[in-house]
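# Architecture at a glance
Single-letter residue listing:
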Amino acid sequence: MNFRKFYGSHVRFARVLMTLLGAIFIFSGAAEAGAKYVFLFIGDGMGTAQRNAAELYLAGMRMENGDDSVRDSQLVMNSLPVSGEIRTNSLSGITDSAAAGTALATGRKTSNGAIAMNPASGEKFQSVAHAARRKGMKAGIVTSSFLQDATPAVFFGHSPKRTDLYALGVQLSDSGFDYFAGGGLLDGRVGKNGPRPLDAAISKGYRVVNTPEGFRSLEAKGSGRVIATHPRVSGGYMPWVIDGDDAGVTLADFVDKGIALLDGKEGFFMMVEGGKIDLACHANDAAAAVHEVIAFDRAVERAVKFLDARPDETLIVVTSDHETGGMTYSASCDVRQFYKVLSTQKGSYAAFERTISPRRDAKFDAALGAARAFFGPYIGDSKGVRSAYALSMTPKNKRKTGRPEYKKLYGPYDPFTVACIRESNAHLGITWTTFYHTGKNIPVSAIGAGASMFSGEYENTEIYHKLMAAMN
Ligand SMILES: [Zn+2]
């Protein structure tokens, strides 16, 4: 914590100064930014509201713990000196993670679902990670999602369909990238013969670790190419941060290890995805989202620590692929209360759905009691909550889930869970407009070698071009 405070007061000033000097350097005609250590952070589904809600939460926590002095700029990513904004539409309109990731990673627009290629012509696009490797740099991919999910996959693979998890899983080890870490490498074999992607990776010389001990024992020298999957993978994902069951291995730890393994005179490119911010926002779960954003920010902090030691050769860019949920909040409570309400939630919507909501024998009063114990006492005995509960108790095939009214209210989620989260969020003034992605512009924050190129408003494809220019 002292470290963060130290940042707040001293290093931030130094960083601003550094970036000003960097800008002068660039405007004076020197074309070379010389970024040798490049970090690209992608908070999936993370728009301005998600970032600022997390910051508000931290500010409230500090005030609640007796530190009234620091009210803002608590997120490291929000304190970076250069900021810009990207437009995110894909060739399909509102983007998905595959098309948005493709734009960021390869500088090319494509249609939704496609991984780093044009699905019509078959043309494959090369990512900035491949480009870095061609320069002799090392490459690492870190995500809290599964390793061949759309956002990581656009950096190493190509497929007309993001759902072809087998092909993408095999392509992962074909990439030769030096470090993969995060959730699981899914099997993906549906009616296909061939080795499991993980076995294919091992046969190509990857070392695979999936225990906390194995992970910690990875040495900077002599570990070779590594795939580190989280010890508590569920459905391919790292555990929810808010569920507090991470076996002591966080996204930030994966970044730290990546730095240790990739560091060398040849330089490296590392992509780090906060993959579950998007999932939380799809479910309109503000508390889960805030915890994921904070964990993502801790990972950014590790990169900034690295940068502080090598500021002239390091570039950090933090952005997102798109916003999810249409999150917005209004002034219905103060900072401290914002923290108090969100921190009373005991776990993720998924944990509630899994362990509490399906108890079909429960009476409404008991279910409401359980929901209040889980999400906080702000869930009213309202008509909305009661009718959602009645639907949750109805078998899914009898719910008319395809009707527009149903979809609008509950999306693909358990109605009672969603209704309870909505009530709890509404108490804070947090509202959501959709269970899906939006077309909002996305903030970009940057620091270090070539960072000044990332200011202004531009298409998401420019991220690739700017990274390439910075690495020159
Ligand atoms: Zn996404």
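Relevant structure appears above.
So, a few notes on the structure that sits alongside this text. Since we're looking at a predicted model, the values are computed, not measured. (Residues numbered from 1 in each chain as written. Predicted model: local features only at pLDDT ≥ 70, side-chain atom pairs only at ≥ 80, totals over all residues. Heavy atoms only, no water.)

### Topic: the coordination of the zinc ion
Here the zinc ion is held by the protein donor atoms Asp-44 (OD), Asp-44 (OD), Ser-97 (OG), Asp-321 (OD) and His-322 (NE2), which lie 1.8 to 2.7 Å from it. The sequence motif formed by the donor residues of the zinc ion is D-x52-S-x223-D-H. A residue pair is termed long-range when its members are at least 10 positions apart, and Asp-44 in the loop between β1 (37-43) and α2 (48-64) and Ser-97 in helix α3 (residues 97-106) qualify at 53 residues. The burial state of Asp-44 is the same as that of Ser-97; both residues are buried. (Donors = N, O, S within 2.8 Å, 3.2 Å for Na, K, Ca; no water. Helix = DSSP H or I, 4+ residues; strand = E, 2+ residues; numbered from the N terminus. Buried < 20%, exposed > 50% of the residue type's maximum accessible area, 1.4 Å probe, protein only.)

### Looking at the packing of aromatic side chains
Applying the stated rule across the entire model yields 25 aromatic pairs. Ring plane angle 50 degrees and centroid distance 5.9 Å describe the contact between Tyr-329 and Phe-338, whose orientation is recorded as tilted. Accessibility expressed as a relative area gives 28% for Tyr-329, which makes it partly exposed. Assessed through its relative accessible area of 2%, Phe-338 is described here as buried. (Phe/Tyr/Trp six-rings, centres within 6.5 Å; stacked < 30°, edge-to-face > 60°.)

### Observations regarding the packing of α3 against helix α18 (residues 461-470)
Between α3 and α18, the least distance of the axes is 5 Å, while the angle of their chain directions is 25 degrees. When the axes of α3 and α18 are compared, the pair comes out roughly parallel. Between α3 and α18 lies a crossing whose hand is right-handed. Touching Ala-103, Leu-104, Ala-105 and Thr-106 of α3 are Thr-461, Ile-463 and Tyr-464, all from α18. In the contact of α3 with α18, the residues fall into five nonpolar, two polar and no charged. (Axes fitted to C-alpha atoms, helices over the stretch in contact; angles between N-to-C directions. Parallel < 35°, antiparallel > 145°, perpendicular 65-115°, else oblique. Left-handed = near helix turned anticlockwise from the far one by under 90°. Contact = heavy atoms within 4.5 Å. Nonpolar A, V, L, I, M, F, W, Y, C, P; charged D, E, K, R; others polar.)

### So, the packing of helix α9 (residues 251-262) against helix α11 (residues 286-309)
With their axes 7 Å apart at the nearest point, α9 and α11 run at an angle of 25 degrees to one another. As far as their axial angle goes, α11 and α9 are roughly parallel. The way α9 lies across α11 gives a crossing that is right-handed. Residues Leu-251, Ala-252, Asp-253, Val-255, Asp-256 and Ile-259 of α9 form the contact with α11, whose participating residues are Phe-296, Arg-298, Ala-299, Arg-302, Ala-303 and Phe-306. Looking at the contact of α9 with α11 residue by residue, the classes come out as eight nonpolar, no polar and four charged.

### Regarding the environment of Ile-42
Within the fold, Ile-42 resides in strand β1. Classification of Ile-42 by relative accessible area gives buried; the value is 0%. Residues Ile-42 and His-322, spaced 280 residues apart in sequence, show a C-alpha to C-alpha distance of 9.6 Å. Not counting residues up to four positions away in its chain, the partners in contact with Ile-42 are Leu-104, Thr-151, Phe-155, Met-271, Val-272, Glu-273, Gly-274, Phe-296, Thr-319, Ser-320 and Asp-321.

### Notes on unusual backbone geometry
Excluding glycine, a negative phi dihedral is what most residues carry, and trans is how most peptide bonds are arranged. Located in the positive-phi region is Ala-116, a residue other than glycine, with phi close to 50 degrees. Relative to the assigned elements, Ala-116 resides in the loop between α3 and α4 (128-134). At Asn-284, a position not held by glycine, the phi torsion is positive, near 60 degrees. Tracing the sequence through the fold places Asn-284 in the loop between α10 (276-282) and α11.

### Things to note about the sheet that holds strand β6 (residues 226-229)
With mixed pairing, the 10 strands of this open sheet are ordered in space as β5-β6-β4-β3-β7-β1-β8-β13-β2-β14. Strands at the two margins of the open sheet, each flanked by one partner only, are β5 (207-209) and β14 (456-459). Ignoring strand direction, the axes of neighbouring strands in this sheet form an average angle of 15 degrees. Summarising the sheet, β1 and strand β8 (residues 314-319) pair through six bridges and their orientation is parallel. (Pairing = 2+ DSSP bridges.)

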